[in-house]
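If you want the building blocks of each chain, they are given just below.
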Amino acid sequence: MGVIGIVKGLANFAALALSNTKPALPQKRTNGASLLGTLLFPLIPFMLTNNPLPDGYPWGKLTDSGTNPYVENPHTGVTRYYDFTISRGLIAPDGYEREVLLVNGAFPGPLIEANWGDMIVVNVRNNITNPEDGTAIHWHGFLQTETPWEDGAPGISQCPIPPGTSYRYEFLASLYGSTWYHAHYSAQYAGGIVGPMVIHGPTQAKYDVDLGPILLSDWYHKEYHDIVEEMLKPNGSPRVVSDNNLINGKMNFDCSTVAPGDKTPCTNNAGISKFRFQTGKTHRLRLVNTGGDGVQRFTIDGHTFTVIAEDFTPVKPYKTNMVILGVGQRTDVLVTANVGKPDSAFWMRSNLTNCSPNRQPNAVAAVYYDKADTDKAPTSQAWNIPEDPSCTNEDLAKTEPLYPMAVPKPTYTQTMEIELFKNASDVTLWKFNGVSMRTHYNEPVLLVANEGNFTFPREWNVVNYYSNSSVRIIVRNRSAGPHPMHLHGHNPYILHEGPGDWDGTITRPSNPHRRDVHIVRGNGHLVMQFDGNPGIWSFHCHIVWHASGGFLANLVVEPKKVDWLRIPRDVERNCKAWDWWTRFNVVPQIDSGA
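These numbers were taken from a predicted model, which means no experiment stands behind them.

How each quantity is defined
Residues numbered from 1 in each chain as written. Predicted model: local features only at pLDDT ≥ 70, side-chain atom pairs only at ≥ 80, totals over all residues. Heavy atoms only, no water. Helix = DSSP H or I, 4+ residues; strand = E, 2+ residues; numbered from the N terminus. Rg over C-alpha atoms; globule rule 2.2 N^0.38 Å. Buried < 20%, exposed > 50% of the residue type's maximum accessible area, 1.4 Å probe, protein only. Contact = heavy atoms within 4.5 Å. Areas by Shrake-Rupley, 256 points an atom, 1.4 Å probe, with all protein chains shown as cover. Lys, Arg positive; Asp, Glu negative; His and termini not counted. Charge placed at Lys NZ, Arg CZ, Asp CG, Glu CD. Salt bridge = Lys/Arg side-chain N within 4 Å of Asp/Glu carboxyl O. Core = buried A, V, L, I, M, F, W, Y, C linked by side-chain atoms within 4.5 Å. Disulfide = S-S within 2.5 Å. Pairing = 2+ DSSP bridges. Arc of directions from axis to C-beta. Phe/Tyr/Trp six-rings, centres within 6.5 Å; stacked < 30°, edge-to-face > 60°. Lys NZ or Arg CZ within 6 Å of the ring centre and 35° of its normal. Polar contact = N/O pair within 3.5 Å; in protein donor to acceptor, adjacent residues only side chain to side chain. Axes fitted to C-alpha atoms, helices over the stretch in contact; angles between N-to-C directions. UniProt positions renumbered as here; feature names shortened; annotations may be inferred. 1 Å grid on protein atoms, 1.4 Å probe; cavity = no way out; pocket = protein on both sides within 12 Å on 5 of 7 lines; lining within 4 Å. Points joined across faces, edges and corners; volume = space filled by probe spheres on them. Nonpolar A, V, L, I, M, F, W, Y, C, P; charged D, E, K, R; others polar.

Describing the overall build of the chain
Inference 1: Counting its regular elements, the chain contains 7 helices and 30 strands.
Inference 2: Against the 2.2 N^0.38 benchmark of 25 Å for 594 residues, the chain shows a C-alpha radius of gyration of 23 Å, consistent with a compact globule.
Inference 3: The C-alpha extent of the chain, read off along each of the three principal axes, is 65 × 60 × 50 Å.
Inference 4: Looking at the chain as a whole, 63% of its 594 residues are labelled buried.
Inference 5: Restricting the contact set of the chain to residue pairs at least 6 apart, pairs at least 24 apart contribute 79%.
Inference 6: When the accessible area of the chain is evaluated, it comes to approximately 21,600 Å², of which 51% is carbon and sulfur surface.
Inference 7: Treating the 50 positive side-chain charges of the chain as one cloud and the 56 negative ones as another, the clouds have centres 3 Å apart.

Some words on the pattern of salt bridges
Proximity of charged atoms lets side chains of opposite charge pair with each other.
Inference 1: Applying the stated criterion across every chain yields a total of 24 salt bridges.
Inference 2: The residue Asp311 makes a salt bridge to Arg330 at a minimum N-O spacing of 3.5 Å. Linking Asp311 in the loop between β14 (305-310) and β15 (313-320) with Arg330 in strand β17 (residues 330-336), this pair joins segments that are 19 residues apart in sequence. Residue Asp311 shares its accessibility class with Arg330, and that shared class is buried.

Focus: the nonpolar core
Inference 1: Within the largest apolar cluster, 116 residues are counted, with the highest numbers of intra-cluster contacts made by Trp139, Ile473, Phe539 and Trp545.
Inference 2: Excluding residues that lie within four positions of it along the chain, Ile473 makes contacts with Gln414, Met416, Tyr465, Leu526, Val527, Met528, Phe530, Phe539 and Leu555.

Re the state of the cysteines
Inference 1: As enumerated under the stated definition, the model contains 3 disulfides in all.
Inference 2: With its sulfur 2.0 Å from that of its partner, Cys255 forms a disulfide with Cys266. Disulfide Cys255 to Cys266: torsion about the S-S bond roughly -80°, handedness left-handed. Here the residue Cys255 occupies a position in the loop between β10 (244-247) and β11 (273-276), and Cys266 occupies one in the loop between β10 and β11, the gap between them amounting to 11 residues.

Describing the pairing of β10
Inference 1: Burial along β10 is two-sided: Asn244 and Leu246 and Asn245 and Ile247, pointing in opposite directions, are all buried.
Inference 2: Here strand β9 (residues 209-219) pairs with β10 via 4 bridges, running antiparallel. Across the sheet, Leu216 pairs through a bridge with Ile247, a residue of β10.

Thoughts on helix α3 (residues 224-231)
Inference 1: Within the sequence span of α3, burial applies to Tyr224, Ile227, Val228 and Met231. Axial view of α3: buried residues confined to an arc of 95°, hence all on one face.

Considering the packing of aromatic side chains
Inference 1: One pass over the structure, following the stated rule, counts 28 aromatic pairs.
Inference 2: Note that Arg330 overlies the ring of Phe312, its terminal NZ or CZ placed 5.2 Å from the centroid.
Inference 3: One Lys or Arg, Lys431, reaches over the ring of Phe421 and ends 4.8 Å from the middle of that ring.

What about the side chain of Thr135?
Inference 1: Residue placement: Thr135 occurs in the loop between β4 (119-126) and β5 (137-139).
Inference 2: Given a relative accessible area of 0%, Thr135 falls into the buried group.
Inference 3: At 2.7 Å, the side chain of Thr135 and the side chain of Gln188 are in polar contact.
Inference 4: When residues no more than four places from it in sequence are discounted, the contact partners of Thr135 are Asn126, Ile128, Pro160, Ile161, Ala183, Tyr185, Gln188 and Ile193.

Some words on the sheet that holds β15
Inference 1: What the 6 strands build is an open sheet, ordered β10-β9-β12-β17-β14-β15; its pairing is mixed. Sheet topology places β10 and β15 at the edges, where each strand pairs with a single neighbour. Taken over all neighbouring pairs, the strand axes of this sheet differ in orientation by 20° on average, direction set aside.
Inference 2: Strand direction decides the pairing type here: β14 and β17, joined by 4 bridges, are antiparallel. From the neighbouring strand, Ala309 faces β17, where its bridge partner is Asp332.

A look at the UniProt feature "domain: Plastocyanin-like" (unreviewed entry) in the chain
Inference 1: UniProt marks residues 88-202, 213-371 and 442-560 with the feature "domain: Plastocyanin-like" (unreviewed entry), using the numbering shown here.
Inference 2: Summarising residues 88-202: 0% helix, 40% strand, and an end-to-end C-alpha distance of 38 Å.
Inference 3: Secondary structure content for residues 213-371 is 5% helix and 42% strand, and the end C-alpha separation is 23 Å.

Notes on empty space enclosed by the protein
Empty pockets left among the atoms are what a rolling probe the size of a water molecule brings to light.
Inference 1: Per the stated rule, a full pass over the model turns up 6 cavities of 30 Å³ or more.
Inference 2: In terms of lining residues, the largest cavity is bounded by 18 residues, among which Phe107, Val194, Ser217, Trp219 and Thr290 are the most central.
Inference 3: Take the lining of the largest cavity: its biggest share by element is 4 residues, from β9.
Inference 4: Taken together, the residues of the lining of the largest cavity sort by class into 9 nonpolar, 8 polar and 1 charged.

Looking at the pairing of strand β30 (residues 552-557)
Inference 1: In terms of burial, β30 is largely enclosed, as 6 of its 6 residues are buried.
Inference 2: Going residue by residue along β30, you find Leu552, Asn554 and Val556 tucked away on one face and Ala553, Leu555 and Val557 tucked away on the opposite face as well.

Here's the deal with the layout of surface pockets
Inference 1: If you add up the space inside the largest pocket, you get close to 630 Å³.
Inference 2: Residue lining of the largest pocket: 35 residues in total, with Leu143, Gln144, Thr145, Ser174 and Asn533 positioned closest to the centre.
Inference 3: Looking at the lining of the largest pocket, the elements with two or more residues in it are β6 (166-172), β28 (524-531) and α7 (569-584).
Inference 4: When the residues that make up the lining of the largest pocket are grouped by side-chain class, the tally is 15 nonpolar, 13 polar and 7 charged.
Inference 5: The computed volume of the second largest pocket comes to approximately 520 Å³.
Inference 6: In this structure, the second largest pocket is lined by 30 residues; those nearest its centre are Asp64, Gly201, Pro202, Thr203 and Gln204.
Inference 7: Of all the secondary structure elements, the ones that give two or more residues to the lining of the second largest pocket are β8 (194-200), β12 (282-289), β14 and β15.
Inference 8: The biggest single contributor to the lining of the second largest pocket is β15, with 4 residues.
Inference 9: Tallied by class, residues from the lining of the second largest pocket come to 17 nonpolar, 8 polar and 5 charged.

Written out as structure tokens, the structure is:
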């Protein structure tokens, strides 16, 4: 979709978004079967209770400050079952109608909920048609200890799920907190395959109401495959510009900015998300950046947050008026409804930073106290918080895990550089550790390694750490922009982040931060370290367009144990089904595939 009059459109947009909260479109037209972003979405319980409760809790006496979750996680004996069907559907999340990839007819997809120590089983059916496409689902942040084949990375941990077939994922909720699931097949999740996950666990935090997931996402009006094709053509630009910004899959769009000749149906004031606060009560908000590219700045007018968790790590509480989230990151905050009267209303805001290419960066939702008129627009004023041009996360000195873990001495240290380059065909790609990665869907790295073969094509970008038990990686960013770096299968120590080269300093070595995504700034460094978890684990930038452009490495951790893994027959059967489908169908893999 082309856009004209961008400056004029943005000037008009504020009034368009902030003057009317009564939606012009019904929820089914904007988000299909999803209730996220509506006042009908149910509150989240403190835990699931249809299961044994030893000592009053599913996890017994384990606590957030006194339990090492990597070695002492519970096994409840409870299994949570979900059935997902992936298909295309015509909806208009911001009023601009387009085909979206839906989970059970919904965007965002359904909530997955479990207790710490439960097993989660998700049967995923691929009903993508017109055209058909493969898919795979990644369960973001889960360790997948002893189940690396359930990680959901096609060409790495499994073959894609072919059209018309199903694959059953089964894994342990070994960590707890807020997270999400998403497609990990090309840039597919930017087309809609995303949804929230809540894993209940112990917490010292005192709150009255769990408001549930709040998904923040830049939004694109073009199909993901068309964007990738344009980006990776000769002399194409790696800079992909989003069209809008959403909160829980909803936002208004100024249809006057649609280019002449674009006949796509577009409705102004389609509808924004709404939330209800209980006056005087403290609420838990589970923030997740589910976008394709943008770094988000999240605020609620007049309200201060207490941060209690980042990714799957409970942290010592600290106060802030704004939360920064790169793609894939999660932050749990507490906020008390004590700013206004029972009939007050306030704007919730999430703005894309200047580091994120966008046509319209500002997402809003309405927060209503108990007695407020839910069709009336709030009139609150935004916080005046200057933007940090580096687009980095909160200072590591401020974010300290509740459960202390000193960083061990590494058995191996490696520097991995990020580079942007043009290949011989004038296609702009990314190199990570000297290689622009391209996966082979029919030969997943894990399955090849499990057969005892640890010699891989260079383009698979496989790094073998052999028997090393604690690996330190220094990421050196030679590009101008920030990158949210995500490591599968681990919750690594984050030792340092800053401009230029690392000087050897570690932030709080007695208890460094731990999280599975952290932003490395432009022309800066990020130092992280992980302890061994046998498997093949992707390490990549979570900007979906960068991963498509080759920004991904595959880390082999404890290869002897990988060789011994007993991979279920279902994984092999899925690969045989994919092999059969690809005999008669051309897979349009124009990018890295990851």
